[in-house]
Amino acid sequence: MMTSATCYACRLTAGDDPLPGGRIWATDHWVVEHCTGPLGVGALIVKPFRHCLYLGDLTPDEAQELGPLLQHVSQTVQELTQADQVYACLWSHGNWQPVHIHFVVQPVHNEMQHTYPKQGPALQTAMFQDRIFPDADAVEAFCREARQRLALNP
């Protein structure tokens with residue numbers, strides 16, 4: 001089983017692995033970072049600071065912060081990207097093992113249908129199969145804007 005010492009999500013939060021754009025925002029219990037996978041510029045990760053493998057294991061304080069934070073992050077992503085939709089989904093499985101829970105907050109644009117004919121999980125699967133990672137400079141610029149926007153209405 002993965003521990004916080006071997007957990008990629010924990011290593012990113014601790015600054016032990018490279019994280020383009022750096023930490024964007026944090027609450028007492030949650031951190032917001034840009035996705036390091038191939039889900040495009042503006043795809044953000046919302047994850048607990050604490051190494052937590054199951055949504056049902058959130059503390060009451062973590063759970064209380066989650067809804068408002070996801071709403072705030074989703075609104076910020078939509079405003080900055082002018083997305084036609086913003087996906088928010090829980091990912092917590094890697095190689096059929098529980099991993100550090102994290103919510104992916106991803107902007108989706110209708111013109112993506114020309115490259116990816118299906119939406120939802122099929123879109124995300126196809127983007128991972130294509131392995132087209134966003135430009136690091138564009139990620140850095142997005143993170144600066146997101147940091148400023150989230151700070152306006154904490």
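Right above here is the structure, for reference.
One structure accompanies this document, and this report is about it.

The rules behind each value
- Residues numbered from 1 in each chain as written.
- Predicted model: local features only at pLDDT ≥ 70, side-chain atom pairs only at ≥ 80, totals over all residues.
- Heavy atoms only, no water.
- Helix = DSSP H or I, 4+ residues; strand = E, 2+ residues; numbered from the N terminus.
- Buried < 20%, exposed > 50% of the residue type's maximum accessible area, 1.4 Å probe, protein only.
- Contact = heavy atoms within 4.5 Å.
- Core = buried A, V, L, I, M, F, W, Y, C linked by side-chain atoms within 4.5 Å.

Mapped onto the elements of the fold, glycine 37 is located in the loop between strand 2 (30-34) and strand 3 (44-48). On the basis of relative accessibility, which here comes to 11%, the residue glycine 37 falls in the buried class. With 82 residues separating them along the chain, glycine 37 and glutamine 119 place their C-alpha atoms 18 Å apart. Residues in contact with glycine 37, not counting those within four places in the same chain, are Phe128, Phe133 and Pro134.

Core analysis: the biggest nonpolar cluster contains 24 residues, and Ile24, Val32, Val46 and Val73 have the highest contact counts within it. Mapped by element, the contributors of at least two residues to this core are strand 2, strand 3, helix 2 (60-81), strand 5 (97-108) and helix 4 (136-152). Top element by residues in this core is helix 2. It accounts for 6 residues. Setting aside residues no more than four positions away along its own chain, valine 73 makes contact with Val32, Leu44, Val46, Val105 and Leu150. Core analysis: the second largest hydrophobic core is formed by 13 residues, Ile45, Tyr87, Cys89 and Met112 among them.

The quantities given are spatial measurements derived from coordinates; they are silent on function.
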